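# Chain and residue survey
Here is what each chain is made of, one letter per residue.
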Amino acid sequence: MAERITGHTELIGLMAYPIRHSSSPAMHNEAFAYLGLDYAYLAFEVDNDTLEDAVKGLRALKMVGSNVSMPNKTVVHKYLDELSPAAELCGAVNTIVNDNGKLIGHITDGIGYMKALKDNDIDVIGKKMTIVGAGGAATAIEVQAALDGVAEMSIFNVRDKFWANAEETVKKINERTNCKVTLYDLADLDKLKEEIADSYLFANATGMGMKPLEGQTYIPDKSFFRPDLIVTDVVYAPRETAMLKMAKEVGCKTMNGLGMMLFQGAAAFEMWTGKEMPIEHMKEVLD
Ligand code: NAD
């Protein structure tokens, strides 16, 4: 590392708290080293109280940009100059790009999910999908899927504190894109079965299946799936959730959350460096 850092090295940050557990620094620095790019990516413990100063610092230091994670994703837009259409619709930012002094906020989680589908030869454009979730990951996927041209989307969620966000997302997508979206209560399992039955793809975008809900799923039994249904999960630890296991047993093509994680990073990487992340190399390193 000491040999790699010079007076020309450009800095990219990650502003979140807590953040020391993140795998993003290892991922981006590995990609920089692999491609011989003169950047360094460092994690900074920044919470809502220090966020404004941190963004001012980013400007003053002419940093290339930064990732932003919790608790700053829904707050940082206040300190930026412009938002991408997806970031605006989501009300969240996970990537800042410093475009010659103009700070632009993007959200790459949804881009990452859509790219991961493509990487798995799954084409949901012009088709119908059913998705469960109304939190950060779900909203990003729903917005990007609608912007990219998914024709119809049925969103399910439990009636918890995220319900109002789901209503808001549905309203925005219906008003601002050509995708037709409907919201349903996840307690209505008959409706869930019906909506999955005429969908090309079913997605879990909640933490169901990972700790503390590991081994669990809200899908009651295998009759909810059919062999030609695509089933995806945002969860990547474990690599195979109870839902994905069930889907595989039915014969469905499945995708876990690892690709989304990799490609959301790759999208930010490309925005900062103008270079493609070495995906195949990163897959080997991450697995
Ligand atoms: P969040 O807290 O913003 O949202 C949580 C969601 O889970 C809400 O929709 C909530 O209603 C739902 N939920 C909670 N308990 C539930 C239950 N018992 N039954 C059904 N639904 C329930 O969380 P988030 O940031 O959106 O993360 C959700 C999951 O996505 C996590 O597992 C996270 O690890 C994963 N994630 C993956 C990636 C990736 O790149 N693969 C990126 C972000 C998040």
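Everything here concerns the structure above.
How each quantity is defined
Residues numbered from 1 in each chain as written. Predicted model: local features only at pLDDT ≥ 70, side-chain atom pairs only at ≥ 80, totals over all residues. Heavy atoms only, no water. Helix = DSSP H or I, 4+ residues; strand = E, 2+ residues; numbered from the N terminus. Rg over C-alpha atoms; globule rule 2.2 N^0.38 Å. Buried < 20%, exposed > 50% of the residue type's maximum accessible area, 1.4 Å probe, protein only. Contact = heavy atoms within 4.5 Å. Axes fitted to C-alpha atoms, helices over the stretch in contact; angles between N-to-C directions. Parallel < 35°, antiparallel > 145°, perpendicular 65-115°, else oblique. Nonpolar A, V, L, I, M, F, W, Y, C, P; charged D, E, K, R; others polar. Salt bridge = Lys/Arg side-chain N within 4 Å of Asp/Glu carboxyl O. Expected span 1.5 Å × (residues − 1). Near = heavy atom within 4 Å. Polar contact = N/O pair within 3.5 Å; in protein donor to acceptor, adjacent residues only side chain to side chain. Areas by Shrake-Rupley, 256 points an atom, 1.4 Å probe, with all protein chains shown as cover. Pairing = 2+ DSSP bridges.

## Some words on the overall build of the chain
Each helix and strand in the chain was counted, giving ten helices and twelve strands. The C-alpha radius of gyration computed for the chain amounts to 19 Å, which stays within 12% of the reference 19 Å derived for 287 residues, consistent with globular compactness. Taking the principal axes of its C-alpha atoms as reference, the chain extends roughly 60 × 40 × 35 Å. Sorting the 287 residues of the chain into buried and exposed places 52% on the buried side. Within the chain, contacts between residues at least 6 apart in sequence are counted, and of these 69% link residues at least 24 apart.

## Some details on the packing of helix H5 (residues 136–148) against helix H6 (residues 163–176)
Interhelical geometry of H5 versus H6 gives an angle of 10° and a closest axis separation of 11 Å. Classified by the angle between their axes, H5 and H6 sit roughly parallel to one another. Here Thr139, Glu142, Val143 and Ala146 of H5 come into contact with H6, specifically with Asn165, Thr169 and Ile173. Taken together, the residues of the contact of H5 with H6 sort by class into three nonpolar, three polar and one charged.

## Some details on the pattern of salt bridges
Applying the stated criterion to the full structure yields 18 salt bridges. Linking glutamate 175 and lysine 171 is a salt bridge whose minimum nitrogen-to-oxygen distance equals 3.5 Å. With glutamate 175 and lysine 171 both in helix H6 and four residues apart, this pair spans about one turn of that helix. A cluster of three or more residues bridged by salt bridges with shared partners is formed by Lys128, Glu152, Lys191, Glu194, Glu195 and Asp198.

## Some thoughts on H5
With 13 residues, H5 extends 18 Å between its outermost C-alpha atoms, agreeing within 8% with the 18 Å of an ideal straight helix rising 1.5 Å per residue. For H5, every residue scored as buried is listed here: Ala138, Thr139, Ala140, Ile141, Glu142, Val143, Gln144, Ala145 and Ala146. Buried residues along H5 sit against helix H3 (85–90), helix H4 (109–119), strand S7 (128–132), strand S8 (152–157), H6 and helix H9 (258–273). Directly after H5, the chain includes glycine 149, whose backbone phi takes a positive value near 115°.

## Brief notes about the site of the ligand
Every one of the 21 residues lining the ligand counts as a neighbour, but Ala137, Asn157, Asp160, Met210 and Gly257 are closest to it. Contact between the ligand and glycine 136: an oxygen atom at 2.9 Å from a main-chain N or O atom of the residue. Between an oxygen atom of the ligand and a side-chain N or O atom of asparagine 157, the distance comes to 2.8 Å. Isolated, the ligand exposes 850 Å² of accessible area, and the fraction of that covered by the protein chains is 73%. Where the shell around the ligand is concerned, the elements lending two or more residues are H5 and H9. Grouping the amino acids of the shell around the ligand by side-chain chemistry returns 13 nonpolar, seven polar and one charged.

## Some words on the pairing of strand S6 (residues 102–106)
Among the five residues of S6, four are classified as buried, and the element is accordingly described as predominantly covered. Where strand S4 (residues 82–83) and S6 come together, two bridges link them in parallel fashion. Considered in S6, the bridge of leucine 83 is made with glycine 105. Note: strand S5 (residues 95–99) against S6, five bridges, orientation antiparallel. The partner of aspartate 99 across the bridge, within S6, is lysine 102. In this antiparallel pair of consecutive strands, S5 and S6, the connection spans two residues, and asparagine 100 shows a positive phi of 50°.

## Section: unusual backbone geometry
Cis geometry marks the peptide bond from methionine 70 to proline 71; its omega dihedral reads 5°. The residue after lysine 211, namely proline 212, is reached through a cis peptide bond having omega 5°. Take proline 212: it is sitting in the loop between strand S10 (201–204) and strand S11 (230–233). The backbone of lysine 62 shows a phi angle near 55°, a positive value even though the residue is not glycine. What makes lysine 62 exposed here is its relative accessible area of 65%. Phi is positive for aspartate 121, close to 55°, though the residue is something other than glycine. Here aspartate 121 is to be found in the loop between H4 and S7. You can call aspartate 121 exposed: its relative accessible area is 68%.

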